[in-house]
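Structural description and commentary
This is what each chain is made of:
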Amino acid sequence: MTERETLALYEKTGALMRGHFRLTSGLHSDVYLQSALVLQFPEHAAALGAALAAPFRDAGATTVLAPAIGGILAAHEVARALGSRCLFTERENGVMTLRRGFALAPGERCLVVEDVITTGGSTREVVECVEKAGGVVVGVGSLIDRSGGAAQFAVKRAALATVQAQTWKPEACPLCKTGSEAVKPGSRA
Ligand code: ZN
């Protein structure tokens, strides 16, 4: 699946919209990304997962990990394509943790997968969690990279598509200054 095909699938399902949006954080943006809207269709999730798995086929990962909950569906499909298992991490008292009896074997080779990498912060937390649990991170993958090159990792890195997205505080939003009104995606109002 090419970058163009990935973005077409996102746009077709409303998972990627361009316009003037009010994000949950309160910031305004010219792009709205909600991977859950494309991943709600298992056949799309499977196709995206298989495509993201491809560059990691020789990495020897026996486990794919994602931060809950946004990364789970993508990681699950990557794991299916690689024939590996899929775990997820959750925050416990603010710290990314393996719960539910999930465990790693010493030296277990792990691939960290997210739906969207924005700052790389949560991915980094999963990497730390894996290392603390005795595993080795052999790669980092995301369906979309919207970090603008900011999210750097010392391991192999892949994304199906790169999306440029600007965010502004409402008072500094150039789109508001043109008289346009920011919409909150997903709201039924
Ligand atoms: Zn605005």
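Below: a short report on this structure.

Calculation notes
Residues numbered from 1 in each chain as written. Predicted model: local features only at pLDDT ≥ 70, side-chain atom pairs only at ≥ 80, totals over all residues. Heavy atoms only, no water. Helix = DSSP H or I, 4+ residues; strand = E, 2+ residues; numbered from the N terminus. Pairing = 2+ DSSP bridges. Axes fitted to C-alpha atoms, helices over the stretch in contact; angles between N-to-C directions. Contact = heavy atoms within 4.5 Å. Donors = N, O, S within 2.8 Å, 3.2 Å for Na, K, Ca; no water. Tetrahedral: all angles 85-135°; square planar, octahedral: opposite > 155°, others 65-115°. Salt bridge = Lys/Arg side-chain N within 4 Å of Asp/Glu carboxyl O. Buried < 20%, exposed > 50% of the residue type's maximum accessible area, 1.4 Å probe, protein only. Core = buried A, V, L, I, M, F, W, Y, C linked by side-chain atoms within 4.5 Å.

Cis geometry marks the peptide bond from A68 to I69, where omega comes out at -5°. With respect to the helices and strands, the residue I69 is situated in the loop between β3 (63–67) and α4 (72–82). Unusually for a residue other than glycine, N93 sits at a positive phi of about 50°. Residue placement: N93 occurs in the loop between β4 (85–92) and β5 (95–98). Its identity is not glycine, yet R100 carries a phi of approximately 60°, on the positive side. Its place among the elements puts R100 in the loop between β5 and β6 (109–117).

If you trace the six strands from one edge of the open sheet to the other, you get β5-β4-β3-β6-β7-β8, paired in mixed fashion. In the strand order of this sheet, the two ends are held by β5 and β8 (156–162), each with one partner. Going from strand to strand, the sheet's axes swing by 25° on average, the running direction of each strand aside. In this structure, β4 lies alongside β5, joined through four bridges in antiparallel fashion. Of the residues in β5, the one forming a bridge with R91 is M96. Packing against the sheet, α4 makes contact with β3, β4, β6 and β7 (136–145), and its axis sits at approximately 170° to β3.

Looking now at the coordination of the zinc ion. In this structure, H20 (NE2), H28 (ND1), C173 (SG) and C176 (SG) serve as the protein donors to the zinc ion, at separations of 2.0 to 2.4 Å. Between the four donor atoms coordinating the zinc ion, the angles at the centre fall across 95 to 118°, so the site counts as tetrahedral. Between consecutive donors of the zinc ion, the numbers of intervening residues give the motif H-x7-H-x144-C-x2-C. Of this pair, H28 sits in strand β2 (residues 28–33) while C173 sits in the loop between β9 (167–168) and α6 (174–177), and the two are 145 residues apart along the sequence.

A few words now on the pattern of salt bridges. For the coordinates displayed, the defined rule picks out seven salt bridges. Of the charged contacts, one joins E90 and R100 as a salt bridge, the two residues approaching to 2.8 Å between their closest N and O atoms. Here E90 is found in strand β4, whereas its partner R100 is found in the loop between β5 and β6, with 10 residues between them in sequence. Here E92 and R99 are joined by a salt bridge, their closest N and O atoms 3.6 Å apart. Overall, the relative accessible area of 35% leaves R99 in the partly exposed class.

For the rest of this paragraph, the subject is the nonpolar core. Y10, L143 and I144 are the most contacted members of the largest nonpolar core, which has 34 residues in total. Contacts of Y10, omitting those with residues within four sequence positions, involve A15, L16, L33, S35, V38, L48, D115, L143 and I144.

Geometric descriptors of this kind do not, in isolation, establish any biological role.
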